[in-house]
Amino acid sequence: MHGRSFRRPRRDDPQRSSMRLLYDETAFGDRKGSWMDPEQRVILNVGGIRHETYTHVLKKIPATRLSRLTPNLANYDSVLNEYFFDRHPGVFAMILNYYRTGKLHYPTNVCGPLFEEELEFWGLDANQVEPCCWMTYTQHRDTQDTLAVIESLDLDRDPPTEEEVAKKFGWEDDYYSHSLNWWQRTKPRLWALFDDPNSSKLAQIRSYLSVIVVLVSILSFMAKTHPYFRIPQITVIYETGVILENRRAAIGAIKDFTQPWSHFFYIDAICNVWFTFELIARLFFCPNISKFLRSPLTIIDIICTVAYYIDLLLHAILLQAGSIVTLDFLSMICVMRLFKLTQHFSGLKILIQTFKASAEELGLLVFFVLLAIVIFAALVYYAERSQLNPDNQFTSIPTGLWWSLITVSTVGFGDMVPKTWLGMVVGSVCAMMGVLTIALPVPVIVSNFSNLYSHSQARSKLPKKRRRVLQAHEVKPNLLSVKSVPGKPRKRSNTPATPPIDQRKTGINGGADVGKGEEMARTPRSAKGHLHHSNPHSSANHQEANRLIEN
């Protein structure tokens, strides 16, 4: 086939670039009549800041508040030809940029909940935030979770109102009907006396007394194990058949066991009587018995109290020496009462909550430690058998587990040590792996504790009472207008009165622009709904503008 061949221009060919530019200019000229037409411009006044865009930009994200704008809405000002929204202007700038570019960025100068409220108002999804801003945006969620945990710990909490107390005890119906009897009014006070140390002065005294009794009980348990505070029980052996002056001759003595001073018995009895009284009182005055019995502190208190009475019963019944070990084991349970101090010290509550928040990291730490213990116990067992070693202490892998645990934890008692050079290499690697394994989750635990402690300290410094802000539906109509007092003239203002339309007009930067507002008020609006600048020296235009304003 003869003829001229057509060469397709390359991407970097100047001819292709000029052709593409011509096409773009042609397409742009076609679109200008539909998209860039002044009729499609929309003015949005958000919090006093005016924004201008096109209708097709707002239609990019359907089913949102901005995509359904019509002049029939209540917030449309037909005089100024704008939509007014009393919302945060800084957040709206990011939202409008989302419509223009399709990328939602998070402003760093606002709080996360405020940003979420604004997105909810405009009908947007918070999950569309860009990855570059996602970590910064989600920090407020972690803060809210931390504050919720601190709120559940009841650290320096404000005293509950009568309505909250009635709901807590399930008496809200009687409270609303004003039919609370004497017992319903007294029981919450008695419960606060034993549960909330900050409820009254008497509750604080009861709290201090409870701490003293717990400490005395623990000190008594530790002191009676000291040899100075124990009395030996000695059995004297006499020689049979030998009588000296009508008396048997003693030839020896055996110390069977020792017992603590009798004073410790009375100290423990007084302390446990107090614990029993406190437990019964809390059980009797608590709002919910099932919830109270499921509390960890209540379970510890019941176990310690029951263990004391079982110990006392065994002391009265059993007289054999074999029972002493059992009695000592039961008396050891009273050490668990130290957990009761968490009711009185907020730092202990934060520490316990830190371990709860770091449970995943602690579980991962335990898993890696167990894995390292088993691996290095097997390695050191076979390493010590690789050479002639008559002093080999690692006779089996279970025996090497103890050595591996002590080495991984970097304690190193030295009771078991490898003797071969290969075993020493295994021991060195085990020690280094132990340091790395234990050090990895420590920053996470420290960060959790610091986060909880800092937020609890910041919360404790907040004012107890804050000024209440009325909601929109709570504002009375008489508060919206100035009410004149009869018989008393109203004070005149030195500034000249401005028309209402000028009061609603604000500048581009959010400030009042009276001059421009007057000019906007004097300009008539065409049939298409657009404002055209008029000549200020034209009387006809002035009359037309005044007629439109009066209408």
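Residues numbered from 1 in each chain as written. Predicted model: local features only at pLDDT ≥ 70, side-chain atom pairs only at ≥ 80, totals over all residues. Heavy atoms only, no water.

- Under the annotation held in an unreviewed UniProt entry, the protein chain carries the name BTB domain-containing protein and is attributed to Mesorhabditis belari.
- Of the comments in the UniProt record for the protein chain, the one headed Subcellular location (unreviewed entry) reads "Membrane".
- Its UniProt record gives the protein chain the following Sequence similarities (unreviewed entry) comment, quoted word for word: "Belongs to the potassium channel family. C (Shaw) (TC 1.A.1.2) subfamily. Shaw sub-subfamily." (UniProt positions renumbered as here; feature names shortened; annotations may be inferred.)

Digging into the overall build of the protein chain
Here comes step 1: Counting secondary structure elements, the protein chain contains 22 helices and six strands.
Here comes step 2: Every one of the 551 residues in the protein chain was classed for burial, and the buried ones make up 29%.
Here comes step 3: Across the protein chain, every contact between residues at least 6 apart in sequence was considered, and the portion connecting residues at least 24 apart equals 57%.
Here comes step 4: Per element, the accessible surface of the protein chain, about 38200 Å² overall, is 61% carbon and sulfur. (Helix = DSSP H or I, 4+ residues; strand = E, 2+ residues; numbered from the N terminus. Buried < 20%, exposed > 50% of the residue type's maximum accessible area, 1.4 Å probe, protein only. Contact = heavy atoms within 4.5 Å. Areas by Shrake-Rupley, 256 points an atom, 1.4 Å probe, with all protein chains shown as cover.)

Brief notes about the UniProt feature "transmembrane region" (unreviewed entry) in the protein chain
Here comes step 1: As recorded in UniProt, the feature "transmembrane region" (unreviewed entry) lies at residues 205–223, 264–285, 292–310, 316–339, 362–383, 395–414 and 421–446.
Here comes step 2: With 100% helix and 0% strand, residues 205–223 has its two end C-alpha atoms placed 27 Å apart.
Here comes step 3: Helix makes up 100% of residues 264–285 and strand 0%, whereas the separation of the span's terminal C-alpha atoms amounts to 32 Å.

Notes on the environment of I373
Here comes step 1: Tracing the chain through its elements places I373 in helix α16 (residues 359–384).
Here comes step 2: I373 sits 35 residues away from V408 along the chain, and the two C-alpha atoms are 7.2 Å apart.
Here comes step 3: Other than its neighbours up to four places away in sequence, I373 contacts L401, S404 and L405.

So, the nonpolar core
Here comes step 1: In terms of nonpolar packing, the biggest core is built from 28 residues, with L44 and F115 touching the most fellow members.
Here comes step 2: Those elements giving two or more residues to this core turn out to be β1 (41–46), α2 (55–58), β4 (82–85), α3 (89–101), α4 (112–122) and α5 (131–137).
Here comes step 3: Here this core takes six residues from α3, the largest share from any one element.
Here comes step 4: Sequence-distant contacts of L44, defined by excluding residues within four places in its chain, comprise I49, R50, H51, L58, L66, L69, Y83, F85 and F92.
Here comes step 5: Ranked by size, the runner-up nonpolar core spans 13 residues in total, among them L365, I373, F376 and F394. (Core = buried A, V, L, I, M, F, W, Y, C linked by side-chain atoms within 4.5 Å.)

Description of the pairing of strand β2 (residues 49–54)
Here comes step 1: Relative to β2, β1 is paired through six bridges, and the arrangement is antiparallel. Bridge pairing links I43 to E52 in β2.
Here comes step 2: Counted along the chain from β1 to the antiparallel partner β2, the turn is two residues long, and its residue G47 has a positive phi close to 60 degrees. (Pairing = 2+ DSSP bridges.)

Brief notes about the sheet that holds β4
Here comes step 1: Ordered in space as β2-β1-β4-β3, the four strands form an open sheet in which the pairing is mixed. Both outer strands of the open sheet, β2 and β3 (76–77), are each paired with one neighbouring strand and no more.
Here comes step 2: Sheet contacts for α3: β1 and β2; angle to β2, the most-contacted strand, approximately 10 degrees. (Axes fitted to C-alpha atoms, helices over the stretch in contact; angles between N-to-C directions.)

Focus on the packing of helix α9 (residues 182–195) against helix α10 (residues 201–223)
Here comes step 1: Packing of α9 against α10 brings their axes to within 7 Å, and their N-to-C directions diverge by 40 degrees. Each of A192, L193, F194 and D195 in α9 lies in contact with α10, whose residues at this interface are L202, A203 and R206.
Here comes step 2: The residue inventory of the contact of α9 with α10, partitioned by class, reads five nonpolar, no polar and two charged. (Nonpolar A, V, L, I, M, F, W, Y, C, P; charged D, E, K, R; others polar.)

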